[in-house]
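Close look at the chain arrangement
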Amino acid sequence: MPAANRFLVCQHMAWEGPGKHLISAAARCQVDLEVCRLWRQPLPALAPYAGLIILGGSPNVDEEERYPFLRAEKEAIRQVLSEDKAYLGFCLGHQLLAQVLGCRVGPNKCRSIGFIEGQLTEAGRAHPLFDNLPDRFPLFKWHAQAVLPPTPEQVQVLVNSEECHVEAISVQGRPHIIGMQFDNHAGSRVDAAAWLQGDRHWLAQPPAVDHSRVLEDAAKQEVIMAAQFQVIFENFVHITQQASS
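The sections below set out a description of the structure shown in this document. (Residues numbered from 1 in each chain as written. Predicted model: local features only at pLDDT ≥ 70, side-chain atom pairs only at ≥ 80, totals over all residues. Heavy atoms only, no water.)

**Overview of the pairing of strand β8 (residues 168-171)**
This is how the line gets drawn: Note on classification: 1.4 Å probe, protein chains only; a residue is buried when its accessible area is under 20% of the maximum for its type, exposed when over 50%, partly exposed between these limits. The helix count covers DSSP runs of H or I at least four residues long, the strand count covers runs of E at least two residues long, and both are numbered beginning at the N terminus. Two strands qualify as a pair provided DSSP detects at least 2 bridges between them.
Alternating positions in β8 separate into two faces, Ala 168 and Ser 170 on one and Ile 169 and Val 171 on the other, with burial throughout. Strand direction decides the pairing type here: strand β7 (residues 155-161) and β8, joined by 4 bridges, are antiparallel. If you follow Val 155 over to β8, its bridge partner there is Val 171. In this antiparallel pair of consecutive strands, β7 and β8, the connection spans 6 residues. Between β8 and strand β9 (residues 174-180), which follow one another and run antiparallel, lie 2 residues, and Gly 173 among them has a positive phi close to 80°.

Printed below as a string of structure tokens:
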């Protein structure tokens, strides 16, 4: 039997691991995060885990030739769905889930970098993942690709923003399956600084990104984002436990 507090985390880039807020929230919830660094090790069997957490990274969902591990990830997502395990995807992890569910993924209407405001949709306000959160809250963004509307009937859009139509998704009747385009798990100043350095070549492409502004906003948002992500993760763990009972 899988351990209810044990999750496999898929990491794509050396500089983009589990963020400070995710590590803190997992520790408070007594959740064990076991990280698989996909560029240098194969995915393990999913049987021992309660669910799968897939982080963001540079690949696009259709770049399987350049990043062969994407094939194994998509198969793992299909297995999670077929076995009705828990799933939490950030950024690329959100896009991979969406593609497996039949959504279109492609260029977003803009490159979304830094801190913006998101808002819950009607489905988002009803979803237990966002219990005890306000209708509007800050998002930490780092992407140029996105899930494109319209989504299939089974896919609920939970959050949107001025910069992205599909900021979070779930599956009708399966609240433990979650994708989030935003990276609030890493919305701290230390994570933002590491990402600015690690992704500097991509960020150098126009339009220009104001590194100082990103770091200033990270410092301003850190406390509220940590508190709100703690709520989100606690809700996710609770949803997962209910689904497996």
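**Considering the packing of helix α2 (residues 69-83) against helix α3 (residues 92-100)**
Here is the rule: Angles here are taken between N-to-C directions and fall from 0 to 180 degrees, while the axes themselves are lines fitted to C-alpha atoms, restricted in helices to the stretch in contact. Put simply, angles under 35 degrees are roughly parallel, angles over 145 are roughly antiparallel, angles from 65 to 115 are roughly perpendicular, and the rest are oblique. When the near helix sits turned anticlockwise from the far one by under a right angle, the crossing is termed left-handed; a clockwise turn instead gives a right-handed crossing. Contact definition: two residues touch when any of their heavy atoms are within 4.5 Å. Only Asp, Glu, Lys and Arg are considered charged in this grouping, and only Ala, Val, Leu, Ile, Met, Phe, Trp, Tyr, Cys and Pro are considered nonpolar; every other residue, Gly among them, is considered polar.
At a minimum axis separation of 10 Å, α2 and α3 run at an interaxial angle of 65°. The angle between α2 and α3 places the two elements in the roughly perpendicular class. Pair α2 / α3 crosses with right-handed handedness. Residues Leu 70, Glu 73, Lys 74, Ile 77, Arg 78 and Leu 81 of α2 form the contact with α3, whose participating residues are Leu 92, Leu 96, Leu 97, Gln 99 and Val 100. A class-by-class count of the residues in the contact of α2 with α3 yields 7 nonpolar, 1 polar and 3 charged.

**Remarks on the pattern of salt bridges**
Rule in force here: Criterion for a salt bridge: a side-chain nitrogen of Lys or Arg within 4 Å of a carboxyl oxygen of Asp or Glu.
For the structure shown, the criterion picks out 11 salt bridges. The closest approach of N and O atoms between Glu 222 and Lys 20, which form a salt bridge, is 2.9 Å. Remark: Lys 20 occurs in helix α1 (residues 20-28) and Glu 222 occurs in helix α7 (residues 211-244); sequence separation between them is 202 residues. Residue Lys 20 is classed as partly exposed on the basis of its relative accessible area, which comes to 43%. Arg 66 is the salt-bridge partner of Glu 63, the closest N and O atoms lying 4.0 Å from each other. Among the ionic contacts, a cluster of salt bridges with common partners joins Glu 64, Glu 65, Arg 71 and Lys 74.

**Here's the deal with the layout of surface pockets**
Where empty space is left becomes clear once a probe the size of a water molecule has been rolled over the atoms. Inclusion rule: A cavity here means a set of points on a 1 Å grid, drawn over the protein atoms and nothing else, where a 1.4 Å probe fits but cannot get out; a pocket is an open set with protein on both sides within 12 Å along at least five of seven lines, and a residue lines either one if it has an atom within 4 Å of a point. Grid points are joined across faces, edges and corners, and a volume is the space filled by probe spheres set on the points.
Approximately 270 Å³ is the volume found for the largest pocket. Lining the largest pocket are 14 residues, and of these Gly 57, Ser 58, Asn 60, Ala 144 and Trp 202 sit closest to its centre. Of all the elements in the fold, those that place two or more residues in the lining of the largest pocket are α3 and β6 (136-148). Per-element tally for the lining of the largest pocket: the top contributor is β6, with 4 residues.

**Brief notes about the packing of aromatic side chains**
Within a pair of aromatic rings, the relevant descriptors are the distance that separates the centres and the angle that separates the planes. For clarity, the threshold we go by: Between rings of Phe, Tyr and Trp, where Trp is taken as its six-membered ring, a pair exists when centres lie within 6.5 Å; planes separated by under 30 degrees are stacked, by over 60 edge-to-face, and by other angles tilted.
Here the structure, examined in full by the defined rule, presents 12 aromatic pairs. Ring centres of Tyr 67 and Phe 69 lie 5.8 Å apart, and the angle between their planes is 50°; this geometry places the pair in the tilted category. Take Tyr 67 and Phe 69: they sit in the same class, and that class is buried. Measuring from centroid to centroid gives 5.7 Å for Phe 140 and Trp 142, while their planes differ by 55°, and the two rings are tilted. As far as burial versus exposure is concerned, Phe 140 and Trp 142 are alike and both buried. One aromatic cluster in this structure is built from Phe 7, Phe 90, Phe 229, Phe 233 and Phe 236.

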